[in-house]
Amino acid sequence: MKEVKISETGMLELDIMELPRSCVLVISDGKAKVAELPVHAETSIVTYKGKVKRVNFDEGEEF
């Protein structure tokens, strides 16, 4: 996952032309990260005490 900058005023600015075609943006505990979604995968976000602990990408392929 790639960290996204948050300004000192708390503004999050993203250029959608620079983002992957399909992606996920996760914001937790004052941090923001973006990741491209795999073509075939199950994506899960694990939280603990109201904060994001882990983002899992379980990639697979149909047979």
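Structure: see above.
So, how was this worked out
Residues numbered from 1 in each chain as written. Predicted model: local features only at pLDDT ≥ 70, side-chain atom pairs only at ≥ 80, totals over all residues. Heavy atoms only, no water. Helix = DSSP H or I, 4+ residues; strand = E, 2+ residues; numbered from the N terminus. Contact = heavy atoms within 4.5 Å. Buried < 20%, exposed > 50% of the residue type's maximum accessible area, 1.4 Å probe, protein only. Pairing = 2+ DSSP bridges. Salt bridge = Lys/Arg side-chain N within 4 Å of Asp/Glu carboxyl O.

What about the environment of I6?
Its place among the elements puts I6 in the loop between β1 (2–4) and β2 (23–28). Setting aside residues no more than four positions away along its own chain, I6 makes contact with M11, L12, G30, K31 and A32.

Structural notes on the pairing of β2
On β2, burial follows the alternation: V24, V26 and S28 on one face are buried, whereas C23, L25 and I27 on the facing-out side are not. Pairing analysis gives 6 bridges linking β2 to strand β3 (residues 31–36), with the strands arranged antiparallel. When the sheet's bridge partners are listed, C23 is paired in β3 with E36. Turn length for the β2-β3 hairpin, with the two strands adjacent in sequence and antiparallel, is 2 residues, and the turn residue D29 shows positive phi of about 55 degrees.

Some words on the pairing of strand β5 (residues 51–59)
By the bridge criterion, 8 bridges tie strand β4 (residues 41–48) to β5 in an arrangement that is antiparallel. Pairing of Y48 across the sheet is with K51, part of β5. What sits between β4 and β5 in their antiparallel hairpin is a turn of 2 residues, with K49 showing a positive phi close to 55 degrees.

A word on the pattern of salt bridges
If you walk through the whole model with that rule in mind, you get 1 salt bridge. The salt bridge partner of K51 is D29, with a shortest N-O separation of 3.9 Å. One end of the pair, K51, is in strand β5; the other, D29, is in the loop between β2 and β3, and 22 residues separate them in sequence. Residue class for K51 comes out partly exposed when judged on its relative accessible area of 41%.

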